[in-house]
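Next come the chains, spelled out residue by residue.
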Amino acid sequence: MKPLDAERIVLRTFKEDDAARIQELANNKEVASIIGLPHPYELAHAKEWIDIQPGLIQEGTEYPLAVYSKNHDAIIGTVCIRIDKKNNQGELGYWIGRPFWGKGYATEAVKRMIDFGFVELRLNKVWATAITRNEGSIKVLKNAGMEQEGILRENRFVLGTYEDAAMYGVLKREYDRGGVE
């Protein structure tokens, strides 16, 4: 898969030697508490996750990509779109390392992945969820042109607690006219 270029970032497939950087960024209790990653996040977790990715991309069921910052010359997070072929839609998932929060990188990555979903994968809908206490992620989804569709009660089990999740989505026809009003 060719890299997806944006203004300050490039979304690209992971390489085996990216595992140490992913482990470094993911091994943060604050990140784990809102994403649901295991904590501590071990190097083995990152290696196993990276190892399965080529097959997922080849099958066209999931596109997990590294968020690579041009300014920092480093991976700063990840973004993924999981494909529901029967319903022609994709579910976004993403996280950005704690040192890079609040700088617009997640919004840029989500917007670029929405473009990929509609333009290259020809999806009808792209959607995502964020636990309701994760105000930063909800802001990302809104800034990326997504509209809240509802609240999924106790939808995620994160570090021993059931969490409500807000669901956001954007349709192809909304994307074509420049996003959700």
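Here's what I pulled together on the structure shown here. Keep in mind that this is a model prediction, so the values were computed, not measured.

## Here's the deal with the nonpolar core
(1) Moving on: If you look at the biggest cluster of nonpolar residues, it comprises 50 residues, and the most contacted ones within it are Ile81, Leu92, Ile114, Val126 and Met146.
(2) Moving on: Of the residues forming this core, the biggest block, eight residues, is contributed by helix H4 (residues 105-120).

## A short note on unusual backbone geometry
(1) Moving on: With a phi close to 50°, Asn88 is a non-glycine residue in the positive phi region.
(2) Moving on: If you trace the backbone, Asn88 turns up in the loop between strand S4 (74-84) and strand S5 (89-96).
(3) Moving on: According to the relative accessible area criterion, Asn88 is partly exposed, its value standing at 30%.
(4) Moving on: Of note in the backbone geometry, Glu154 takes a positive phi value of approximately 45° without being a glycine.
(5) Moving on: Topologically, Glu154 is positioned in strand S7 (residues 147-158).
(6) Moving on: Note on Glu154: relative accessible area 54%, which makes it exposed.

## Considering the pattern of salt bridges
(1) Moving on: Counted under the stated rule, the structure contains nine salt bridges.
(2) Moving on: Between Arg8 and Glu108 there is a salt bridge; the shortest N-O distance is 2.9 Å. Placement of Arg8 in the loop between strand S1 (4-5) and strand S2 (9-12) and of Glu108 in helix H4 is noted, with a sequence separation of 100 residues between them.
(3) Moving on: Classification of Glu108 as buried rests on a relative accessible area of 15%.
(4) Moving on: Notably, a salt bridge pairs Glu163 with Arg133, separated by 2.9 Å at the nearest N-O pair. Of this pair, Glu163 sits in strand S8 (residues 161-171) while Arg133 sits in the loop between strand S6 (125-131) and helix H5 (135-143), and the two are 30 residues apart along the sequence.
(5) Moving on: For Glu163, a relative accessible area of 11% puts it in the buried group.

## Structural notes on the sheet that holds S4
(1) Moving on: Strand order in the open sheet formed by eight strands is S1-S2-S3-S4-S5-S6-S8-S7, with mixed pairing between adjacent strands. This sheet does not close on itself; its edge strands, each paired only once, are S1 and S7.
(2) Moving on: Bridging between S6 and S8 involves seven bridges; their strand directions are antiparallel. When the bridges of S8 are listed, Val126 appears paired with Val170.
(3) Moving on: H5 contacts S5, S6 and S8 of the sheet and is inclined by roughly 160° relative to S6.

## Considering the pairing of strand S3 (residues 62-69)
(1) Moving on: Judged by how many residues are buried, S3 sits mostly within the fold: seven of eight residues are covered.
(2) Moving on: The pairing of S2 with S3 spans four bridges and is classified as antiparallel. Its bridge partner being in S3, Arg12 is matched across the sheet by Ala66.
(3) Moving on: As judged from the eight bridges shared by S3 and S4, these two strands associate in the antiparallel manner. Along S4, the bridge assignment pairs Ser69 with Ala74.
(4) Moving on: Joining the antiparallel neighbours S3 and S4 is a turn of four residues, in which Asp73 adopts a positive phi near 50°.

Conventions adopted
Residues numbered from 1 in each chain as written. Predicted model: local features only at pLDDT ≥ 70, side-chain atom pairs only at ≥ 80, totals over all residues. Heavy atoms only, no water. Core = buried A, V, L, I, M, F, W, Y, C linked by side-chain atoms within 4.5 Å. Buried < 20%, exposed > 50% of the residue type's maximum accessible area, 1.4 Å probe, protein only. Helix = DSSP H or I, 4+ residues; strand = E, 2+ residues; numbered from the N terminus. Salt bridge = Lys/Arg side-chain N within 4 Å of Asp/Glu carboxyl O. Pairing = 2+ DSSP bridges. Contact = heavy atoms within 4.5 Å. Axes fitted to C-alpha atoms, helices over the stretch in contact; angles between N-to-C directions.

Everything listed here is a matter of coordinates, which is why it stays silent on function.
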